[in-house]
Structure formats: structure tokens, C-alpha cells
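Each chain, written out:
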Amino acid sequence: QVQLVESGGGLVQTGDSLRLSCAASGTIFSIYTMGWYRQAPGKERELVTIIARGGTTNYADSVKGRFTISRDNEKNTVYLQMNNLKPEDTAVYYCTAAVRVSAWSTNKDYWGQGTQVTVSS
């Protein structure tokens, strides 16, 4: 019903920047929150940042001041601008969205397939 497709990952050096994008498509009535999680090898998936439909944001302490989340509600797309990247940011980054598929449904969480971000030292 709903698909999330991420793009923008890659291999960069310490201090570089990357911008991730995630576009939601399918049967969408509205999207409440959109966000990014990441999972490094051998670690649990962790919240990076989240943004509500109205623009309220929340960030993990480890990325505050370096990462910025934004969204385009017309395009059902969320972005993650990552600056001053560090080796510890290396992970698979997953997009998530809380989507209502109709006016009578409740929010359901959907996930993208993930995009690899690798930061070399």
C-alpha cells in the first residue's frame, strides 16, 4: 500500500556532508511523523531524528547541531542533511513514516529498505 524509497547514501570522508531523501508513495491520506533511524553493525537500531507534520523536530544528542531534518508535505518526502560526518555515523539509515491510508484509518508505521552511509576516517 505504502512504499518508502530512500536515496543519497554513500561513502564519504570525515567532515563531509551527505543529504538523504525518502519519498513515500502509494495509498496515502496523510502522513503524521516522518523520521530517520540508523543501525550500525552489531548495534540496535536507534532513532536519529523525527519531524511532525507541523515541523516540530527531535534529534538524538549525538547528531544535534550536525544533522537537520526537513520535509515537503506536498511531495510526501523527508530529507536528512548530514554535516560534519564522523566515522561513528556509519550505519544503514532507515526512513520511517506514520501514514494514514484513509480518513477512517489510524496511523501505521512504514519503513524504507535502508541506505548505507559510510564515513571513513
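Thresholds applied
Residues numbered from 1 in each chain as written. Predicted model: local features only at pLDDT ≥ 70, side-chain atom pairs only at ≥ 80, totals over all residues. Heavy atoms only, no water. Helix = DSSP H or I, 4+ residues; strand = E, 2+ residues; numbered from the N terminus. Rg over C-alpha atoms; globule rule 2.2 N^0.38 Å. Buried < 20%, exposed > 50% of the residue type's maximum accessible area, 1.4 Å probe, protein only. Contact = heavy atoms within 4.5 Å. Lys, Arg positive; Asp, Glu negative; His and termini not counted. Charge placed at Lys NZ, Arg CZ, Asp CG, Glu CD. Core = buried A, V, L, I, M, F, W, Y, C linked by side-chain atoms within 4.5 Å. Pairing = 2+ DSSP bridges. Axes fitted to C-alpha atoms, helices over the stretch in contact; angles between N-to-C directions. Polar contact = N/O pair within 3.5 Å; in protein donor to acceptor, adjacent residues only side chain to side chain. Salt bridge = Lys/Arg side-chain N within 4 Å of Asp/Glu carboxyl O.

(A) Molecular detail of the overall build of the protein chain. Along the protein chain, the regular secondary structure elements total 0 helices and 11 strands. Starting at the N terminus and walking to the C terminus, you meet the elements of the protein chain as β-β-β-β-β-β-β-β-β-β-β. Taken over the C-alpha trace, the protein chain has a radius of gyration of 14 Å; the compact-globule value for 121 residues is 14 Å, and the two agree within 12%. Based on the C-alpha atoms only, the size of the protein chain along its principal axes is roughly 50 × 25 × 25 Å. Burial analysis of the protein chain (121 residues in total) assigns 40% to the buried set. Within the protein chain, contacts between residues separated by at least 24 positions form 56% of all contacts whose residues are at least 6 apart in sequence. Averaging the positions of the 12 positive and the 10 negative side-chain charges in the protein chain gives two centres separated by 4 Å.

(B) How the structure looks around the nonpolar core. In terms of nonpolar packing, the biggest core is built from 30 residues, with Trp 36, Phe 67, Val 78, Leu 80, Met 82 and Tyr 93 touching the most fellow members. Elements with a contribution of two residues or more to this core: strand 1 (2-7), strand 3 (18-26), strand 4 (30-39), strand 5 (46-51), strand 7 (67-72), strand 8 (77-82), strand 9 (91-100) and strand 11 (115-120). If you tally residues by element for this core, the top one is strand 9, at 5 residues.

(C) Unusual backbone geometry, seen in detail. Even without being glycine, Asn 76 reaches a positive phi, approximately 50°. In this fold, Asn 76 is placed in the loop between strand 7 and strand 8.

(D) Examining the sheet that holds strand 8 more closely. An order of 1-3-8-7 is seen for the 4 strands of this open sheet, with the pairing classed as antiparallel. Both outer strands of the open sheet, strand 1 and strand 7, are each paired with one neighbouring strand and no more. If you compare each strand with its neighbour and ignore which way they point, the axes differ by 15° on average.

(E) Expanded view of the side chain of Thr 49. Relative to the assigned elements, Thr 49 resides in strand 5. Residue classification places Thr 49 among the buried residues on the basis of a relative accessible area of 0%. A polar side-chain atom of Thr 49 sits 2.9 Å from the main-chain carbonyl oxygen of Asn 58. Beyond its immediate sequence surroundings of up to four residues, Thr 49 is in contact with Gly 35, Trp 36, Asn 58, Tyr 59, Ile 69 and Leu 80.

(F) Highlighting the side chain of Arg 71. Here Arg 71 shows up in strand 7. Within the buried core, Arg 71 has no salt-bridge partner, and the shortest N-O distance to an opposite charge, that of Asp 72, equals 8.2 Å. Within polar-contact distance, the side chain of Arg 71 engages the backbone oxygen of Ile 31 at 3.1 Å. The residues contacting Arg 71, other than those within four sequence positions of it, are Ile 31, Tyr 32, Thr 33, Met 34, Ile 51, Ala 52, Arg 53, Thr 77, Val 78 and Tyr 79.

(G) Layout of the environment of Gln 13. By the element assignment, Gln 13 lies in strand 2 (residues 10-13). With a relative accessible area of 52%, Gln 13 lands in the exposed category. Expressed as a C-alpha distance, the spacing of Gln 13 and Asn 58, which sit 45 residues apart in the sequence, is 26 Å. Residues contacting Gln 13, with those up to four places away along its chain left out, are Leu 85, Val 119 and Ser 120.

The values reported here are purely geometric and, on their own, carry no functional implication.
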